[in-house]
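# Close look at the chain arrangement
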Amino acid sequence: MSALGTLSGGVAGLLRLRLRRRAAPAPSALQFPAVKCAAVPDAGQLVWGCQLRPALLPAALLSSQSNRRQTFRPPAASESAGEAKPAGFLDKYPALVTGFFFFMWYFLNVIFNILNKKIYNYFPYPYFVSVIHLFVGVVYCLVSWTVGLPKRAPINSTLLKLLFPVALCHALGHVTSNVSFAAVAVSFAHTIKALEPFFNAAATQFVLGQQVPLSLWLSLAPVVLGVSMASLTELSFNWTGFINAMISNISFTYRSIYSKKAMTDMDSTNVYAYISIIALIVCIPPALIIEGPQLMQYGFKDAIAKVGLQKFVSDLFFVGLFYHLYNQVATNTLERVAPLTHAVGNVLKRVFVISFSIVVFGNRITTQTGIGTCIAIAGVAMYSYIKAKIEEEKRQKSA
């Protein structure tokens, strides 16, 4: 009986040992801790739809607490290249930058007009001075191209044919403006040049065949009335100044027309540089023919005798530099603001020039001339506002 019990107990023990061996897990070469895997919510599945175990991730991405879920995100482009740079002054304060452009536009234009008129007081040769304006600007452009600011855009015969009419009108308008500035007061010359919107509207209606709204024509009535009132009692009035200012208005009007036909992929800085070069070539022959003999006989001698050689040369250099810079800054300002803002700014610029010229040169003006100038400037402001609003509405409809 005891033997039977021993046999049954041994069989039972053997069976329990086998069952334990079958229940035990198979040996493995690599054991992972029973830890939850990291989730990848934003970057998608990293390895064929499978999530990665924390033991396989970089140590920097693991949490100190084993039960905390952690998110693995791919590094951003800015982080891989380095820390993001803080926004600069230009990005933080765009309104201040735009205001600075307007200030420089006004400042350079006022200085140019004052210095230009002072030169004519002792050197009354507007054709030659016009050539100097363009020559200094061309030298400035060539130096800028040499240093690569900006990079010179290539040009071919097709582009030259498109830009030549623009440059021709620019040259004619520039020379006639200077003849007017030399003949009459700066304030009166700018008052006459306030009629330029009238010629723009007339050319648009009768040359281009585009209908001009009645509201624009009505806004031009104060301009014509104001210029007429100012001209009748202007103390410095003469026909040379008046006629040349009117020719300048017509020339700049056709410059605008040809500019629309000569739209290119070139940036405004390069376009203005090429136009200046062509205009300089156009202006040299008339200056030599009309004023050359007088300059050689007594023009240069008289100017040097009055102010000295150093001041004479420096005045010509700086007036050319200011002429080029104010035109360039005006273009840069237009690129930063809406057309309406630029149009209003252009009107205010003319007000600044007229006001400063009266103060600096002490020009006497009659009451009627002052009232007429104010009416003309107000009409230009009204015209610019209405025109810009119409263009904005057209732009919104086309968009």
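Residues numbered from 1 in each chain as written. Predicted model: local features only at pLDDT ≥ 70, side-chain atom pairs only at ≥ 80, totals over all residues. Heavy atoms only, no water.

## Quick word on the overall build of the protein chain
In plain terms, the rule: Starting at the N terminus, helices and strands are each numbered in turn, a helix being any DSSP run of H or I of at least four residues and a strand any DSSP run of E of at least two. Exposure classes here rest on a 1.4 Å probe applied to the protein chains alone. A residue is buried below 20% of its type maximum, exposed above 50%, and partly exposed in between. We call two residues in contact when some of their heavy atoms are within 4.5 Å. Computed by Shrake-Rupley with a 1.4 Å probe, the accessible areas treat only the displayed protein chains as cover when residues are assessed.
Broken down by element type, the protein chain carries 14 helices and zero strands. Scanning the protein chain from its N terminus toward the C terminus, one meets helices and strands in the order α-α-α-α-α-α-α-α-α-α-α-α-α-α. Across the 399 residues in the protein chain, those meeting the buried criterion constitute 38%. Contacts in the protein chain between residues far apart in sequence, at least 24 positions, make up 83% of those at least 6 positions apart. Of the accessible surface of the protein chain, which amounts to about 23600 Å², a share of 66% is contributed by carbon and sulfur atoms.

## Regarding the confidence of the model for the protein chain
Convention followed: Note: pLDDT gives the predictor's confidence per residue, expressed from 0 to 100.
Here the protein chain shows a mean pLDDT of 79. Residues at 70 or above account for 76%. Mean pLDDT across the secondary structure elements of the protein chain bottoms out at helix α2 (residues 77–81), with 46, and peaks at helix α5 (residues 126–147), with 96. Per-residue pLDDT stays below 50 along residues 1–9; that stretch engages in zero contacts with residues further than four places along the chain or on separate chains. Across residues 27–82, confidence stays below pLDDT 50; counting only partners more than four residues off in sequence or on other chains, it has 40 contacts.

## Looking at a nonpolar patch on the surface
To keep it simple, the criterion reads: Patch membership needs two things, relative accessible area over 30% and no salt bridge, and members are linked within 9 Å if like-charged or within 5 Å if nonpolar (Val, Leu, Ile, Met, Phe, Trp, Tyr). Should a side-chain nitrogen of Lys or Arg be within 4 Å of a carboxyl oxygen of Asp or Glu, the pair is scored as a salt bridge.
A contiguous nonpolar patch, built from V344, L348, F352, F356, V359 and V360 and spanning about 520 Å² of accessible area, is present on the exposed surface. With respect to the helices and strands, L348 occurs in helix α13 (residues 339–361). Residue L348 is classed as partly exposed on the basis of its relative accessible area, which comes to 42%.

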